[in-house]
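A look at the structure
Each chain is listed here by its residues.
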Amino acid sequence: MLAEADQEQQEDDFQRFLRRVDDIANLVQGLNSADPAVKERTIAEAEKRLHDQETSREEESKTTVNRTVINTRASDVANAEAVNADGFLAILEKDAKERAKRRKRNEHLANALKEKGNDAFRKGDYVVAIQRYTEGLEKLKDKQELYTNRAQAYLKMHECEKAITDCEWALKCNEKCIKAYFLMGKAHLALKHYSESRQCYEKILQIDPQKETLFKDCVNEVNLEEKRMKDEERAMKEVQSGKLAALSIKEMLQKLDRPEQNILYYTGGIRLLTGAVKDCTEQTLFRTNNGFSILKDNEIVRRGFCAERKNAAEVDLSVSLLFLWQAVCTGNEENQRLLLTQPDVNAQLPKLLSSGVLEIQKETLALISLYSENENGRRLLVRHQDLTKWLQILMTFVNSTDVRASSAMNILSDLTKEERFKTQCRVMLSTGVLPLFTQLLTSAKLVNQTALAHCIGIMGNLCADVVIRMQMAECKECWQACLKLVDECFDGSTPKYQECLFAVLGLMMNLLLESNVIIQQSAGPEFFTLLFQYFAVDISGRCMSLLRDKDGRIVTRAIGVLSRILPASSSAVEEVVKGGVVKKIIKVLKAGGQITSNYGIKTLSICTRSNRQAQEDLVKSDKRFSVLLKLLDSENEMIVGNAAFCLGQCLVVPGAATSLLNSSVVMILLKHAGGDATRTSVQENAAIALGKLCVAEPRHIFQLRKLNGLAILNSSMKYIHSI
């Protein structure tokens, strides 16, 4: 009752403090009013408040004062109107400064106490932390951080009600305090107030929609905890009702708890227990009867499972445990979490994957798949496992010809969705992963090609991480291995090998993003520049050969690689132009889709930028520019911009501009140059092409005049003179 009375008193004091702040603000607003009547009333109210405050102080200090004299003075002042508004404002200003100084001093003391509390919290001394935060609040009642910090300490002490109260106080100081709602949600969850907990987390999302990931994680935690409690209540009812299946789980676990039995006894018992786990109820009973402590509590089982070199009996035991854990963890996230908190399981998983024993590897992969195939499971793996070596370990299964290869690649594919996994992959990439990866690429015809294609795709996805992409792009051996794989396809390839080729072209495109960054910045590491120039002719030569491939996907990616490697080397541009790249790409563009068109027109724009033969080849291959005109009408502005650039470059060829008479080219270019295009670069390219068109063939000006486009042409001339 005393605690409740203190809390009510604190609430009253806090509300009184807030009312005083509002009253002072209203007085200041009244004194600054343009209305004389309002100002006069405010002065009278302020004088009354100062008088009341002074009287109150005198009574508190019990000092004897001649009140008649004081009142007479006040009356005299009032009657003589000696105190004017300016004088009173000076008094208020002085009082405000004193209050500000006092608050600043208190804030300094409160901050110091907060830091002492934080230090105690970090050391795990939550009692002292609470004391320091409380002392800080005595100095400054409206300091939100002290309330939330104390709430956090109360949560550590499992005093959830007090934590909720402090969060409520914090929200009175700042109604949009996300930390207060977060901690309040945690406190309600600990008290099994699931609905209230969700409401707190929903408030976070309302305050800041960018916190959607935090919101999902928190609500998911609530859902899992609520499900766990319901499952355990249902399981307990089945035990109490004497249901045979429920009782058998408990009995079998008790039998497995018998010490110093033969290893075969435990293996058989584990297999029987696995067969008894049919649904969520049995999974829950396994958990609530300490089933996960089987390794910790049974030395024979633990020793057999953790043995470095396992004999046949230890292999059978390990496989039986893996089957059991699959049975109890399938679709049960709480069991999945508990399994990964077992130290021996955590330590053994990567060792089991590397064991070389087919059955152990197969069932370990099956167990890990339960985690990797859903978001919450992946997060558990990332949180509880050191995954720095997993990319290398799982990649070795590309050499397998059985189900292990596909299982390992599926796990890797799932894990690449997690940013923290990509970060961990950086550690061993250069020293462990890339040497293995290049070996697999160079042995493409000897390994599981379906798995290899998947593996190459995974490495391509990992290139989204800039650090990984740079490490791979600077690996000379990796480029050589990619080229070797491409070369071997010319000797005859199977559909599976075609998938490897398709994947490696995609990987090369991703790695070449680094070359584009360097070129766009007109600078960058000299090593990268030299490396891309070194391989540019070889890479572009392989891609030229692939333009004859019957698989349209291969052709599209080959053009994509060309569009990214050619800017790095003028020698490569000369070679592909000599090899007839313009004619080949024009042919592809006549039937290509949007992706192919994007890569194709970009490649043509690179070739025609500075190569006269490429310009002439385009004019010959694209009669009356029918392909370019079609691309200029595309909804994709990147395609439009590159098509306009190509056209502008080719108009220097004699007769090119004349061939466009009686076409819609002026209207199309005018539309893009006049502002229909949202990208400035597209507008500029269209304006430049329009200007060059009219310079090369003045008769286009008549069409331009009909369309009232001379102003746009004049504005485009500055681009022409600047190039």
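Quick caveat, the model's predicted, so the values are computed rather than measured.

What counts and how
Sequence order sets the numbering: in each chain, residues are counted from 1 along the sequence as written. A pLDDT threshold of at least 70 governs which residues receive local features in this predicted model, and a stricter bar of 80 or more applies before side-chain atom pairs are shown or counted, although totals over entire chains, interfaces and linings include all residues. The side-chain quantities take in all heavy atoms of the structure and omit both hydrogens and water. Helix and strand labels come from DSSP, where a helix needs a run of H or I of at least four residues and a strand needs a run of E of at least two; each type is numbered from the N terminus. Residue exposure (1.4 Å probe, protein chains only): buried if accessible area is under 20% of the type maximum, exposed if over 50%, otherwise partly exposed. Whether two residues are in contact is decided by their heavy atoms: any pair within 4.5 Å suffices. In these tables, accessible area is a Shrake-Rupley quantity obtained with a 1.4 Å probe, and a residue counts as shielded only by the protein chains included in the view. We define the nonpolar core as a collection of buried residues of types Ala, Val, Leu, Ile, Met, Phe, Trp, Tyr and Cys that are connected through side-chain atoms lying within 4.5 Å of one another. Interaxial angles span 0 to 180 degrees and are taken between N-to-C directions of axes, which are lines fitted to C-alpha atoms, for helices over the stretch in contact. If you view the pair so one helix is near and one far, a crossing is left-handed when the near helix is turned anticlockwise from the far one by less than a right angle, and right-handed when it is turned clockwise. Any residue outside Ala, Val, Leu, Ile, Met, Phe, Trp, Tyr, Cys, Pro, Asp, Glu, Lys and Arg is labelled polar, Gly included; the first ten of those are nonpolar and the last four are charged. In this analysis, rings of Phe, Tyr and Trp, with Trp reduced to its six-membered ring, are considered paired at centre separations within 6.5 Å, and the interplanar angle assigns stacked below 30 degrees, edge-to-face beyond 60, and tilted for intermediate values. Either the NZ atom of lysine or the CZ atom of arginine qualifies as a charge over a ring when it sits within 6 Å of the ring centre and within 35 degrees of the ring normal. Given a helix with a known number of residues, its expected span is that number minus one, times 1.5 Å. Salt bridge, as applied in this entry: a Lys or Arg side-chain nitrogen positioned within 4 Å of an Asp or Glu carboxyl oxygen. Each polar contact in these results corresponds to two N or O atoms within 3.5 Å; when the atoms are within protein, one needs to be able to donate a hydrogen and the other to accept it, and residues that are neighboring in sequence are counted only if both atoms are side-chain atoms. A pair of cysteine sulfur atoms is labelled a disulfide when the two atoms are within 2.5 Å. Angle categories: roughly parallel below 35 degrees, roughly antiparallel above 145, roughly perpendicular from 65 to 115, and oblique for all the rest. Per residue, pLDDT measures the predictor's confidence, with a range of 0 to 100.

Looking only at helices and strands, the protein chain features 40 helices and zero strands. Scored against the burial criterion, the 723 residues of the protein chain give a buried share of 46%. The long-range share in the protein chain, meaning contacts at least 24 apart out of those at least 6 apart in sequence, stands at 69%. When the accessible surface of the protein chain is totalled, it reaches about 36800 Å², and 51% of it is carbon and sulfur.

Next up on the list: the nonpolar core. Across soluble globular proteins, nonpolar side chains have a tendency to be buried as a group. Formed by 169 residues in total, the largest nonpolar core has its most connected members in Trp-325, Leu-391, Phe-437, Met-459, Met-472, Phe-625 and Leu-669. Here the element with the most residues in this core is helix α27 (residues 495-511); it accounts for 11 residues. Among all residues touching Leu-669, those that are not within four sequence positions of it are Leu-632, Ala-644, Leu-647, Ala-686, Ala-689, Leu-690 and Leu-693. Judged by nonpolar contacts, the second largest core, of 37 residues, contains Ala-120, Ala-129, Tyr-133 and Ala-163.

Pairs of packed helices are described in terms of their axes, by the angle between the two and the distance that separates them. Across the interface, helix α30 (residues 552-565) lies against helix α33 (residues 594-610) with an axial gap of 8 Å and an inter-helix angle of 35°. When you trace α30 past α33, the crossing you get is left-handed. Contacts between α30 and α33 pair Thr-556, Ile-559, Gly-560, Leu-562 and Ser-563 from the former with Ile-595, Thr-596, Tyr-599, Gly-600, Lys-602, Thr-603 and Ile-606 from the latter. Within the contact of α30 with α33, the residues separate by chemical class into five nonpolar, six polar and one charged.

Before going further, it helps to spend a moment on the packing of aromatic side chains. One pass over the full model with this rule turns up eight aromatic pairs. Each ring, one from Tyr-147 and one from Trp-169, has its centre 5.9 Å from the other, and the planes form 15°; the classification is stacked. In this pair, Tyr-147 sits in helix α6 (residues 144-156) while Trp-169 sits in helix α7 (residues 160-173), placing the two residues 22 residues apart along the sequence. The exposure class assigned to Tyr-147 is buried, which follows from its relative accessible area of 6%. When its relative accessible area of 5% is taken as the criterion, Trp-169 is described as buried. Here Phe-286 and Phe-292 contribute two aromatic rings whose centre-to-centre distance is 5.0 Å and whose plane-to-plane angle is 85°, an arrangement assigned as edge-to-face. Each member of the pair, Phe-286 together with Phe-292, is buried. Note that Lys-445 overlies the ring of Tyr-497, its terminal NZ or CZ placed 5.4 Å from the centroid.

The next thing to look at is unusual backbone geometry. Although it is not a glycine, Lys-192 adopts a positive phi angle of roughly 65°. Despite not being glycine, Phe-625 has its phi angle at roughly 55°, a positive value. With respect to the helices, strands and loops of the structure, Phe-625 is situated in the loop between α34 (612-621) and α35 (626-632).

It helps to recall that an α-helix has 3.6 residues per turn; residues three or four apart then point in one direction. Helix length check: helix α38 (residues 680-696), at 17 residues, gives a terminal C-alpha distance of 24 Å against a target of 24 Å (1.5 Å per residue), a fit within 8%. Taken residue by residue, α38 has Val-682, Ala-686, Ala-687, Ile-688, Ala-689, Leu-690, Gly-691, Lys-692, Leu-693 and Cys-694 as its buried positions.

Here we come to the pattern of salt bridges. Where side chains of opposite charge bring their charged atoms close, a pairing between them can arise. Tallied over the full model, the rule gives 31 salt bridges. Note that Glu-697 is salt-bridged to Arg-699, the shortest N-O span being 3.0 Å.

Quick look at the side chain of Asn-611 now. Mapping Asn-611 onto the fold places it in the loop between α33 and α34. Asn-611 gets classed as buried once you look at its relative accessible area, which sits at 13%. At 3.0 Å, the side chain of Asn-611 and the backbone nitrogen of Ala-614 are in polar contact. If sequence neighbours within four positions are ignored, Asn-611 has contacts with Val-573, Glu-574 and Val-577.

Simply put, disulfide is the name for a covalent bond between the sulfur atoms of two cysteines. Scanning the model with the defined rule gives zero disulfides in all. Sulfur of Cys-646: no disulfide; nearest cysteine sulfur belongs to Cys-650 and is 6.0 Å away. What makes Cys-646 buried here is its relative accessible area of 0%.

Between helix α25 (residues 466-473) and α27, the shortest axis-to-axis distance is 9 Å and the interhelical angle comes to 105°. Of the possible angle classes, the one that applies to α25 and α27 is roughly perpendicular. Contacts between α25 and α27 pair Arg-469, Met-472 and Ala-473 from the former with Leu-507, Asn-510 and Leu-511 from the latter. The class makeup of the residues in the contact of α25 with α27 is four nonpolar, one polar and one charged.

For Gly-275, the location among the structural elements is in helix α12 (residues 263-276). We classify Gly-275 as partly exposed; its relative accessible area is 38%.

Averaged over the protein chain, the pLDDT score is 85; the fraction of residues at 70 or greater is 81%. For the protein chain, helix α3 (residues 67-80) is the element with the lowest average pLDDT, namely 45, and helix α19 (residues 358-372) is the one with the highest, namely 97. Across residues 60-83 the pLDDT falls below 50, and counting only partners more than four positions away or on other chains, this stretch makes 11 contacts in the model.

On the secondary structure map, Leu-604 appears in helix α33. With a relative accessible area of 0%, Leu-604 lands in the buried category. Sequence separation between Leu-604 and Val-581 is 23 residues; the distance between their C-alpha atoms is 8.4 Å. If we ignore the near neighbours within four places in the chain, the residues touching Leu-604 are Val-582, Ile-585, Ile-586, Leu-589, Leu-618 and Cys-646.

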